Amino acid sequence: MAMGCGYDNVFAARLAAEELRAEISRHDYLYYVLNQPEISDAEYDALMAKLRAIEEHYPELVTPDSPTQRVPGQPVEAFGVVEHRLPMLSLANAFNYDDLRAWHRRAVQLAERDDFRLVVEPKIDGLAVALVYEEGRLVQGATRGDGYRGENITENLKTLRSIPLVLRANDVPERLEVRGEVYMPKEAFERLNQELAEKGEKLFMNPRNAAAGSLRQKDPRVTASRKLDIWIYQLGWCDGPHPTSHWEILQWLRELGFRVNPENRLCYSLDEVQKTWEEWVERRHHLPYEIDGLVVKIDDLELWDRLGAVGREPRWAIAYKFPPIQATTRLLDIRHNVGRTGRINPYAVLEPVLVGGVIVKQATLHNDDYIRQRDLRIGDWVVVHRAGEVIPQVVAPVPSRRTGQERPYEPPTLCPACGTELERPPGDAFSYCPNPSCPAQSFRWLTHFVQRSAMDIEGLGEKWCEALLAAGLVEDPADLYLLTMEKLLSLERMGPVLARKILASIEKSKEQPLSRVIFALGIRHIGPENAEILANEFSSIDRLAQASLEELASLPGIGPKIAESVYKWFRNERNQKVVAKLRKAGLRLEEVTEAEPVKEGPLKGLTFVFTGTLYSMPRTRAQELVKALGARASDSVTRQTDYLVVGEAPGSKLEKARKYGTKTLTEEEFLAILRQHKVNV
Ligand code: IVH
């Protein structure tokens, strides 16, 4: 891992090291003490890596106060200081398989054996705490602080319901300390930031800062109001008998009542660790909380003692990091596109930056309120976040990096596509172009209509949608059903093979169920889920078109804003004509009972819906299993739903189920049903 440090004489290196230390120590202060980081983790890691490289090259430059020589962080005295009986160590990082192999090789050398098993755990992006239990009762909870002394935050930690106040088993050691990571689930973080933005208060950059800010509240009632949680990942020390392998300790801690991550895994080879890591690089985005890597630990505790530590980093464990999902870059411009409903969507043009392994040049800014609440200015340094397939977003500016040259944002008053004066409905965070013939809107409407999750018309990419509109062959999506071979061939570069394919696909789309048609209409606020609710409730376009505002608003999941949007849509003359044309074309505007063949089985006649993350299996697997037993698996809760299975961090489906009085099942109850029917889980 050691490389050149970029300085060929010790004087230049000394100067650079001193500057880096000052810089790192400022960021430590901002991050650990104020919870107000100015740079991303990746940039911080890069500063540390530079300093380490210099110190490795010139060991004589290492000073006792170098950040490489201590775990940073200053305890805030006001909470009371707690001395850790055993220091809370930190972890060395591996960024690729080579780093991991180098770590393993060293451990094998020192252990003089290579047959040890490895425990792989998600590296939770939160903050470490230590909980002390005496005679099975929680007596103290503390932060890590500088590794030796932390803050006493017992009262705040007690508000976390997943921390047991009394241990479950009767036969517990006299005293023990467990260590774990407190974190804020992604959804709770989004909601908290939304509330703070509405109140005009300062936002948190990421769930970790939000968790830290929430735990270090002087008033435990505030902590209690924040949705924090904890995974226990280690036995700190123990006066009394305990298992001698880490894996067994984790199972033992779970039995004692601690929340131990079910994603932890015991691996028998380094290759297996690597495969697990590769799976997690994508899978982590589907977890309800953030993880920034995996922690790989040697299972055998006897080796922990034998291997010891280098500085504060144990040799028996390593953090195997993922590519970071946040980075900072410059906001070069704010531009707008026009959505299919005329909605004006601001987006950021960024100086290209690597986030989560991909170069990001643009990011969403959601709406004008989002920009105003964050006081984003053109020219700002901004924090960009990108997770999985989700569109990258600008999280916040870094005000301390402002030069005074930044330009405040002026929301547009005219449509960027057709120049019509924009409208802003009261209580709406967006502006809209009211011109029904706005070319940008027609284009978006058409591409929305043909997309896979709507009418699924193949062959009509954006380019052909644009060509059809430009040639005047299509003015609205219903005109697609009037296309002929001749008309299509009149388009430049259109050949008979593609034309035939498009026509066949248009014909086939007439078979799409009502819910798809409703979604394809492109009514503001109506996504696939709401479209299904409407289709289930009304079973026909005509009944939906005639529904009163009150009737619409009384449906679960359909608030007044959505109801108004649907109501208005069907009262617009142009839209009425589109529906009439679709009817004439022969689309399915009436609900036909779902054609999906239902198997014979013990659960026949029942409909299951799943929400949140299941620990035991992916949701798709759960759906397959109930279908195999004869039940239906649906994606949204309706009056027809019999059971809603609720996993970790459930979504809005749970609210709908409550409104309908649908029976809910925990994951355990669901598994019990499967087992009852002899499904092995
Ligand atoms: S073990 C000496 N396991 O990562 C080993 N740490 O960079 C001590 N963390 O301070 C830590 N998830 O805050 C361990 N499953 C896990 C973890 C984990 C998150 C954090 C913890 C620690 C930091 C080290």
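Residues numbered from 1 in each chain as written. Predicted model: local features only at pLDDT ≥ 70, side-chain atom pairs only at ≥ 80, totals over all residues. Heavy atoms only, no water.

**Student:** Sorry if this is basic, but what is going on with the nonpolar core here?
**Tutor:** In summary, soluble globular proteins display a tendency toward joint burial of nonpolar side chains. In terms of nonpolar packing, the biggest core is built from 73 residues, with Leu253 and Ile298 touching the most fellow members. When near neighbours in sequence (up to four residues on either side) are disregarded, Ile298 contacts Trp103, Ala107, Phe116, Arg117, Leu118, His246, Leu303, Trp304, Leu307 and Trp316. Counting 54 residues, the second-largest nonpolar core is a separate cluster that includes Phe443, Met455, Leu473 and Ile541. (Core = buried A, V, L, I, M, F, W, Y, C linked by side-chain atoms within 4.5 Å. Buried < 20%, exposed > 50% of the residue type's maximum accessible area, 1.4 Å probe, protein only. Contact = heavy atoms within 4.5 Å.)

**Student:** For this particular structure, what's the right way to read the packing of helix α12 (residues 439-450) against helix α21 (residues 573-585)?
**Tutor:** Helices that pack against each other are described as a pair by the angle of their axes relative to one another and the distance between those axes. Two elements in contact, α12 and α21, have axes whose closest approach is 15 Å; the angle formed by their N-to-C orientations is 35°. At the point where α12 passes α21, the crossing takes the right-handed sense. Packed against α12, whose contacting residues are Ser442, Trp445 and Phe449, the element α21 presents Arg574, Asn575, Val578 and Leu582 at the interface. A breakdown of the residues in the contact of α12 with α21 according to their chemical character gives four nonpolar, two polar and one charged. (Axes fitted to C-alpha atoms, helices over the stretch in contact; angles between N-to-C directions. Helix = DSSP H or I, 4+ residues; strand = E, 2+ residues; numbered from the N terminus. Left-handed = near helix turned anticlockwise from the far one by under 90°. Nonpolar A, V, L, I, M, F, W, Y, C, P; charged D, E, K, R; others polar.)

**Student:** Help me understand the sheet that holds strand β9 (residues 265-267), please; the structure alone is not making it clear to me.
**Tutor:** Backbone hydrogen bonds hold the strands of a sheet together, and the pairing may be parallel or antiparallel. Pairing is mixed in the open sheet, where five strands are placed in the order β2-β13-β10-β3-β9. Sheet topology places β2 (93-94) and β9 at the edges, where each strand pairs with a single neighbour. In terms of strand pairing, strand β3 (residues 118-124) meets strand β10 (residues 291-298) through seven bridges, oriented antiparallel. In the strand pairing of β10, Leu118 is matched with Ile298. Seen against the sheet, helix α3 (residues 97-111) touches β2, β3, β10 and β13 (317-321) and runs at an angle of roughly 175° to β13. Strands in contact with helix α8 (residues 246-256) are β3, β9 and β10; relative to β3, the strand with the most contacts, it is inclined by about 55°. (Pairing = 2+ DSSP bridges.)

**Student:** What should I look at first to understand the pairing of strand β21 (residues 607-611) in this one?
**Tutor:** Here is the key point about a regular strand: its side chains alternate between the two faces of the sheet. Burial within β21 is extensive, with five of its five residues counted as buried. Of the two faces of β21, the one carrying Thr607, Val609 and Thr611 and the one carrying Phe608 and Phe610 are both buried. Relative to strand β23 (residues 643-646), β21 is paired through four bridges, and the arrangement is parallel. Bridge pairing in β23 links Val609 to Leu644.

**Student:** Just checking my understanding: could you explain the site of the ligand for this structure?
**Tutor:** Of all residues adjacent to the ligand, which total 16 residues, the nearest are Glu121, Ile124, Arg144, Glu181 and Lys297. Glu121 is positioned with one of its side-chain polar atoms (N or O) 2.8 Å from a nitrogen atom of the ligand. One of the side-chain N or O atoms of Arg144 is found 2.8 Å from an oxygen atom in the ligand. When the ligand sits alone it has 520 Å² of accessible area, and the protein chains cover 90% of it. Elements with a contribution of two residues or more to the shell around the ligand: β3, β8 (229-239) and β10. If you tally residues by element for the shell around the ligand, the top one is β3, at four residues. For the shell around the ligand, a count of residues per class yields nine nonpolar, two polar and five charged. (Near = heavy atom within 4 Å. Polar contact = N/O pair within 3.5 Å; in protein donor to acceptor, adjacent residues only side chain to side chain. Areas by Shrake-Rupley, 256 points an atom, 1.4 Å probe, with all protein chains shown as cover.)

**Student:** Even after reading the chapter, I still don't get the pattern of salt bridges, so can you show me in this structure?
**Tutor:** When the charged atoms of two side chains lie near each other, side chains of opposite charge can form a pair. In this structure the tally under the stated criterion is 40 salt bridges. Ionic pairing is found between Arg21 and Glu55, a salt bridge with its closest N-O pair at 2.8 Å. Pair noted here: Arg21 is in helix α1 (residues 10-33) and Glu55 is in helix α2 (residues 41-57), with a separation of 34 residues, a long-range link. For Arg21, a relative accessible area of 12% gives the class buried. A relative accessible area of 6% places Glu55 in the buried class. Among the salt bridges present, the one from Asp369 reaches Arg424, with a minimum N-O distance of 3.0 Å. Within this pair, whereas Asp369 is found in helix α11 (residues 368-374), its partner Arg424 is found in the loop between β20 (407-408) and α12, the two being separated by 55 residues in sequence. Salt bridges sharing partners connect three or more residues here, namely Asp375, Arg377, Asp380 and Arg402. (Salt bridge = Lys/Arg side-chain N within 4 Å of Asp/Glu carboxyl O.)

**Student:** Explain the sheet that holds strand β24 (residues 663-666) to me, please; I cannot follow it from the model alone.
**Tutor:** Strand order in the open sheet formed by four strands is β22-β21-β23-β24, and the pairing between neighbours is parallel. Edge positions in the open sheet fall to β22 (632-634) and β24, since each of these has one partner strand only. Neighbour to neighbour, the strand axes of the sheet diverge by 30° on average, direction disregarded. Where β21 and β22 come together, three bridges link them in parallel fashion. Counted as the bridge partner of Phe608 is Ala633 from β22.

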